[in-house]
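# Examining the three-dimensional arrangement
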Amino acid sequence: MTWVLIVIMWVVFAAMAVSMLLIKRYRSNQVLGTTLSESHAQHPEVKKILGAFTASCYGILAAFMALSLLLLTPPVKDYAEFYLILVVIFDLFANWFAVEHYRKKLLRLKAQNNWVYPQKSQITVDLNIAREKGKYSVSPFWVWLFFALSFLPTAVLAFREDLRQIYPVGFSLLGPLCQLAVVYIYYRMRSTPSQIIAIDPETNLLYARMQERLNSTTATIIALEMAIFWIAFQLAIYTNEGILFIVPLVLLLVALMCTAVWHERKNRRLANQFLSQLPEDKQYLREETATWKWGFYNNPNDPRIFVPKRIAGMGWTINIGRPLGKVAGFALFIPIIACLALVLYGGMKDYRVTIEENEIVIDAAMFDFAVGKDDVVSISMTEKLPGGRRTSGYGGTSKSYGNFYLNGYGSCKLYIYNDIRQYIVLELTGDKPAYVILNGKTPEETSRLYQDISQWLD
C-alpha cells in the first residue's frame, strides 16, 4: 500500500513537471505568460532564463520524488494519506513559484531591452470566425457515445446482486457524471475563441477552422480515455484484485499527459505554419496585460468566468478578475481544506474499545459503533482476512475502519491496525453488519482485548 501511494505521488509530480515544461514553449507569441515577438524569443538572454527554468522544474521533480520516500519511515507512514495531500499541494506551489520567478525575470529583460508592443486591453473577436463555430469540429456523436458507454458498469450491477454488495449502484453513477463533465469540456473547447494571428481576415478564418478541428479532436480523445478508464476501474472492483485499482488510474494520467503534449505540439506547429508565411510586421502581436495571478486567470476586462488554462487542452480555470470568479476561486479551497482536515483527523485519531455492562462501545472518527451483548452470536480469532472492499470509512496505510464488504463475511464493521495480523471476529445476529472485526495496536493488546470480550460474554 505504501509503494502504491509513492507511485501515485511520482505520477502526479511528473504530470506537473510536464505541464510546467509545456508552459515555457513559445506559442501564441508568449513564453511563461510573457508576450515576446518570435525574434525576441530567440534572444540568448531569453534562452538562458528558460534554461534555468527547465533546470528548476527538474530540480523540483527530483526533490519531491525524494520527499515521497519519507512515506517508508515509521513516523510519516502513520499519516501517509495526509502527507500525500500535503506534499502534492506544496509541489503545486513550488512549480507556481518557479513560473512566477522566471516570468518576472523575462519582464525585467523586456524592460531593459525596451521590447514594447502595442497594448491589448480587451478581448478581440472576429465575427466571421464566430459565425462558423462548430462547422469544422469532430462530430459530438462520439463524446455522447462514450457518455452512453460509461453506463455499462451500472447496467451490469442492475443484473448482478452479488456485485451490488461490493459496489453500490450509486457509486457506479460517478462514471457517467465524470463523462458528462468531459462532454461539457468538448463543447467548451470547440467554441474556444480563436487567436487572431494576422491582420488578414482570410488567414485568421483558415487558422480558426484548423484550430477548431484540433481542439475538438483533443476533447474527443480525452472522452475516449475517460470512458476506458471508468470501465477498467470498475472491472478491477468486480475482479477483486487490489493492484488493479492503481493500474487504470496511472494509465489515465499518462494518457492525459500524452494527449496534452500531442495537442500542444500540434497547436504550436499549426501556429508556426501560418506565422512563418507572414512577415513579423504583419503578425497580430499585442502586449497581453498581466492576466495570471496565483495560478488563476485574472482579467477584469474578460467577461468570461471560466477560461482555458495556459496550456491548451489541459482543461479550464477561473477568471478571478470577475466578482463571481473570486467567489468560485475561494469556494475551491473549501473542499481542499475540508479534505485535509478529515484525512488528518482520520489518520491521527486511534479508535478506542470500551467494554460496558451491556454493550461494547467503539469510539472511532465519524464511525462510532456499539454492540449489545445479546447481538453477539460468537467470538473467534483469525490471522488472515479475505479480500473485500471499503464501502465507506477510512482505509489508510496504518489503520482501516468503517463499513467494509469482505468475501465470505458480507457486510462488516472493521476497526483494525493493518500491521497486526491478528483479528477478533464478532459474529452478530443481523446482517447489517454481519460481523465486527477489530484488533489492538500490538499482538499483546489484541490478545488481552480478546480475553476481556470473552469474559464479558460469559
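Structure: above.
Now for a look at the structure at hand. As the structure is a prediction and not an experimental result, all values here were calculated from the model.

Cut-offs used in this document
Residues numbered from 1 in each chain as written. Predicted model: local features only at pLDDT ≥ 70, side-chain atom pairs only at ≥ 80, totals over all residues. Heavy atoms only, no water. Core = buried A, V, L, I, M, F, W, Y, C linked by side-chain atoms within 4.5 Å. Buried < 20%, exposed > 50% of the residue type's maximum accessible area, 1.4 Å probe, protein only. Helix = DSSP H or I, 4+ residues; strand = E, 2+ residues; numbered from the N terminus. Contact = heavy atoms within 4.5 Å. Polar contact = N/O pair within 3.5 Å; in protein donor to acceptor, adjacent residues only side chain to side chain. Axes fitted to C-alpha atoms, helices over the stretch in contact; angles between N-to-C directions. Parallel < 35°, antiparallel > 145°, perpendicular 65-115°, else oblique. Nonpolar A, V, L, I, M, F, W, Y, C, P; charged D, E, K, R; others polar. Pairing = 2+ DSSP bridges. Phe/Tyr/Trp six-rings, centres within 6.5 Å; stacked < 30°, edge-to-face > 60°.

Proteins that are soluble and globular tend to have nonpolar side chains buried together. Core analysis: the biggest nonpolar cluster contains 37 residues, and Leu32, Leu36, Phe53 and Leu71 have the highest contact counts within it. Listing elements by their share of this core, those giving two or more residues are α1 (2-23), α3 (44-68) and α5 (80-113). Of the residues forming this core, the biggest block, eleven residues, is contributed by α5. Setting aside its immediate chain neighbours within four residues, Phe53 contacts Met20, Lys24, Leu32, Ala98, Val99 and Tyr102. Ala364, Phe404, Val436 and Ile453 belong to the second-largest nonpolar core, a separate cluster that totals 33 residues.

As for its position among the elements, Thr259 is in helix α13 (residues 246-275). On the basis of relative accessibility, which here comes to 6%, the residue Thr259 falls in the buried class. A distance of 2.8 Å separates a polar side-chain atom of Thr259 from the backbone oxygen of Ala255. Other than its neighbours up to four places away in sequence, Thr259 contacts Thr218, Ile221, Ile222 and Glu225.

Attention shifts here to the packing of α3 against α5. Two elements in contact, α3 and α5, have axes whose closest approach is 10 Å; the angle formed by their N-to-C orientations is 170°. Judged by the angle between their axes, α3 and α5 are roughly antiparallel. For the pair α3 and α5, contact is made by Glu45, Val46, Ile49, Ala52, Phe53, Ser56, Ile60, Phe64 and Leu67 and by Tyr83, Val87, Phe90, Asp91, Ala94, Asn95, Ala98, Val99, Tyr102, Lys105, Leu106 and Leu109, respectively. Tallied by class, residues from the contact of α3 with α5 come to 16 nonpolar, two polar and three charged.

Our next topic: the sheet that holds strand β9 (residues 352-355). Either a parallel or an antiparallel arrangement is found when strands of a sheet pair, and the pairing is made through backbone hydrogen bonds. Pairing in this open sheet of three strands is antiparallel, and the strands run β9-β10-β11 from one edge to the other. Each end of this open sheet is capped by a strand with a single partner; those strands are β9 and β11 (369-372). Averaged over all pairs of adjacent strands, the angle between strand axes in this sheet comes to 15°, irrespective of strand direction. Taken together, the four bridges between strand β10 (residues 359-363) and β11 define a ladder with antiparallel strand orientation. Looking at β11, one finds that Glu359 is bridged to Gly372. Along the sheet, helix α15 (residues 443-457) contacts β9, β10 and β11; its crossing angle with β9, the most-contacted strand, is approximately 30°.

With that settled, consider the packing of aromatic side chains. One pass over the structure, following the stated rule, counts eleven aromatic pairs. Taken together, a centroid distance of 5.9 Å and an interplanar angle of 75° make the contact between Phe53 and Tyr102 edge-to-face. Residue Phe53 is located in helix α3, and its partner Tyr102 is located in helix α5; the two are separated by 49 residues in the primary sequence. For Phe53, a relative accessible area of 0% puts it in the buried group. A residue is classified by how much of its surface remains accessible, and Tyr102, at 12% relative accessible area, is buried. Between Tyr186 and Tyr187, the ring centres sit 5.0 Å apart and the planes meet at 80°, which makes this aromatic pair edge-to-face. Counting every residue linked through ring pairs, the aromatic cluster contains Tyr351, Tyr401, Tyr415 and Tyr417.

Fair warning: the whole summary comes from geometry, so function is off the table for now.
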